[in-house]
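Take a look at the letters that make up each chain.
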Amino acid sequence: RYEPTWGSLDTRPLPAWFDEAKFGVFIHWGVFSVPSFGSEWFWWYWQKEKRAPYVKFMEANYPPGFSYEDFGPLFTAEFFDPNKWADILKASGAKYVVLTSKHHEGFTLWGSKYSWNWNAVDVGPKRDLVAELAASVRNRTDLRFGLYHSLFEWFNPLFLEDATHVFKTRNFPTTKSLPELYEIVTNYQPEIIWSDGNGNAPDTYWNSTGFLAWLYNDSPVRDTVVTNDRWGVGTICTHGGFYTCSDRYNPGHLLPHKWENCMTIDKRSWGYRRDAQLDDYLAIEDLVKQLVETVSCGGNLLMNIGPTHDGRIAVIFEERLRQMGAWLKVNGEAIYGTKPWRAQNDTVAPEVWYTFSPKEGKVNAVFLNWPVSGTLELGEPQAKLGETQVKLLGYKELLKWVALGEKGMAIALPLLTPKQLPCQWGWTLQLTGIS
């Protein structure tokens, strides 16, 4: 059994499924999806920081005295079809999904006993959105279902009162935050708990170690659940399950601890923005590059979309997800279940990233640019005549190659028309019999 100390909790091995999965989809959805302007931090930027664009937006579009709470009933979700969402998630090639059960605004997407009249069952959709998506994901896909949960809430009076006492009192975590965590684990059995929002309070204020000890020892998901590292000031990149270190974290080199790169398709926001421009969205080439770099350095990619207040996954998000799925259909062997190789990135061709498939003993070299010459030169692999074979994933014939001295090889790529290419946006060479 695990003790409620970081020393004990940090010894828990991460369930193997998480490292094998490599790719998940993050979903930021809540009352902030109603104004869908600027950012999911709308309430804070408007009311606390009084940022000009937010203040002007409200003055121009809403009556005087309109409060953030008034957005609650407008979060309607009338087009939310959890089966449709599940089908899009499945088509993306992702192996897990993480839904925001509650963001810093405190609104819960399930009918929480601890969030009276500020939840999706009492206000707005009048539906348990967490339960509906969990059921569809489990019935229609093989994705693992996870939940994001914000520890703190910007404007909750109990939290603000604890903060004025420099967190020496603990009314908010004991009556709101912790009971909610126990509630979502017991009711929905998520296999990822993605904690966030420490509110500048230490993990002792949140009793994070007490909750995690229960989660790992006694909860219904104790054998399969994975957690992140955001459990109070000072825990990020240091304690917990996998490390996130910061938003959009992509170090470009191998890390000794399992980590995740959580990032957004919309470069500027996690929530949906009605005012987003086309070039605010990452192109599929950028997303494939992020995936390949992240996985070769031992990380998982958690790619975020923000649905609309009425429950739609905007067409551009759906397109990116389906494009990723199409790419993974061809190149999945170089991603799922792989381990980092001895080199992450090629020395001669910097747009080439490596992964290793331990079961097959194959090295995967993913190259993001098709060379004009038709020959790809690699500096890392040591090839052996009569032993080494090179295959392009999605193409039948073996490829010809020559060794370049002690280390390195030149590979002749097949002459293919754009229509004959096995995929777009990046290709995988599978190398066997190399060191």
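Residues numbered from 1 in each chain as written. Predicted model: local features only at pLDDT ≥ 70, side-chain atom pairs only at ≥ 80, totals over all residues. Heavy atoms only, no water.

Peer 1: Describe the overall build of the protein, listing the residues and the values that go with them.
Peer 2: The helix and strand tally for the protein stands at 12 helices and 14 strands. The globule rule puts the C-alpha radius of gyration for 435 residues at 22 Å, and the 23 Å found for the protein is close to it. Seen through its principal axes, the protein has C-alpha atoms that stretch 75 × 50 × 40 Å. When each of the 435 residues of the protein is scored for burial, the buried share is 57%. Considering only contacts within the protein whose residues lie at least 6 apart along the sequence, 70% involve residues at least 24 apart. With 43 positive and 49 negative side-chain charges, the protein shows a separation of 3 Å between the mean positions of the two kinds. (Helix = DSSP H or I, 4+ residues; strand = E, 2+ residues; numbered from the N terminus. Rg over C-alpha atoms; globule rule 2.2 N^0.38 Å. Buried < 20%, exposed > 50% of the residue type's maximum accessible area, 1.4 Å probe, protein only. Contact = heavy atoms within 4.5 Å. Lys, Arg positive; Asp, Glu negative; His and termini not counted. Charge placed at Lys NZ, Arg CZ, Asp CG, Glu CD.)

Peer 1: Could you give me a rundown of the sheet that holds strand β10 (residues 375-378), with the residues and numbers involved?
Peer 2: Where strands meet in a sheet, backbone hydrogen bonds hold them as pairs that are either parallel or antiparallel. The three strands are arranged β10-β13-β12 in an open sheet whose pairing can be described as antiparallel. Because the sheet does not close on itself, it has two edges, and the strands there are β10 and β12 (401-403). The average undirected angle you get between the axes of adjacent strands in this sheet is 15°. Both β12 and strand β13 (residues 409-412) contribute to a ladder of three bridges, which runs antiparallel. Following the sheet pairing, V402 is matched in β13 by A410. (Pairing = 2+ DSSP bridges. Axes fitted to C-alpha atoms, helices over the stretch in contact; angles between N-to-C directions.)

Peer 1: I'd like a rundown of helix α11 (residues 284-296), residues and numbers included.
Peer 2: When the terminal C-alpha atoms of α11 are compared, their 18 Å separation across 13 residues agrees well with the 18 Å that a helix rising 1.5 Å per residue should span. Within the sequence span of α11, burial applies to I284, L287, V288, L291, V292, E293, T294, V295 and S296. (Expected span 1.5 Å × (residues − 1).)

Peer 1: I'd like a description of the UniProt feature "domain: Alpha-L-fucosidase C-terminal" (unreviewed entry) in the protein, backed by residues and values.
Peer 2: UniProt marks residues 344-432 with the feature "domain: Alpha-L-fucosidase C-terminal" (unreviewed entry), using the numbering shown here. When the span residues 344-432 is considered, its composition is 0% helix and 37% strand, and the gap between its end C-alpha atoms is 17 Å. (UniProt positions renumbered as here; feature names shortened; annotations may be inferred.)

Peer 1: Got a sec to walk through the side chain of S112? Specific residues and values, please.
Peer 2: Of note, S112 is situated in the loop between β2 (96-102) and α6 (129-140). Within the structure, S112 has its side chain in polar contact with the backbone nitrogen of Y114 (distance 3.0 Å). (Polar contact = N/O pair within 3.5 Å; in protein donor to acceptor, adjacent residues only side chain to side chain.)

Peer 1: An account of the packing of helix α7 (residues 157-164) against helix α8 (residues 171-188) is needed here, citing residue identities and associated values.
Peer 2: Where α7 contacts α8, the two axes come as close as 8 Å, and the packing angle between them is 150°. The pairing of α7 with α8 is recorded here as roughly antiparallel in orientation. Seen along the crossing, α7 lies across α8 with a hand that is left-handed. Across from L158, F159 and D162 in α7, the residues of α8 making contact are N171, F172, P173 and T175. Classifying every residue of the contact of α7 with α8 gives four nonpolar, two polar and one charged. (Parallel < 35°, antiparallel > 145°, perpendicular 65-115°, else oblique. Left-handed = near helix turned anticlockwise from the far one by under 90°. Nonpolar A, V, L, I, M, F, W, Y, C, P; charged D, E, K, R; others polar.)

Peer 1: Provide a residue-level description of the sheet that holds strand β5 (residues 226-227), including the pertinent values.
Peer 2: The strand order β5-β4-β3-β2-β1-β7-β6 describes an open sheet built from seven strands, whose pairing is parallel. Edge positions in the sheet fall to β5 and β6 (259-264), since each of these pairs with one other strand and no more. By the bridge criterion, six bridges tie β6 to strand β7 (residues 299-305) in an arrangement that is parallel. Opposite E260, over in β7, you have N300 as the bridge partner. Running over the sheet, α11 touches β1 (23-27), β6 and β7 and is turned about 150° from β7.

Peer 1: Summarise the packing of aromatic side chains; cite the residues concerned and give the values.
Peer 2: Inspection of every chain in the model, using the stated rule, returns 55 aromatic pairs. Aromatic side chains Y2 and Y216 sit 5.9 Å apart centroid to centroid with 75° between the ring planes, which places their arrangement in the edge-to-face category. Residue Y2 is found in the segment before α1 (6-9), and its partner Y216 is found in helix α10 (residues 208-217); the two are separated by 214 residues along the sequence. On the accessibility criterion, Y2 (24% relative accessible area) is partly exposed. On the basis of relative accessibility, which here comes to 6%, the residue Y216 falls in the buried class. Judged by centre distance (4.8 Å) and plane angle (50°), the rings of W29 and W85 are tilted. One end of the pair, W29, is in the loop between β1 and α3 (42-48); the other, W85, is in helix α5 (residues 82-91), and 56 residues separate them in sequence. The class of W85 is buried, set by a relative accessible area of 3%. (Phe/Tyr/Trp six-rings, centres within 6.5 Å; stacked < 30°, edge-to-face > 60°.)

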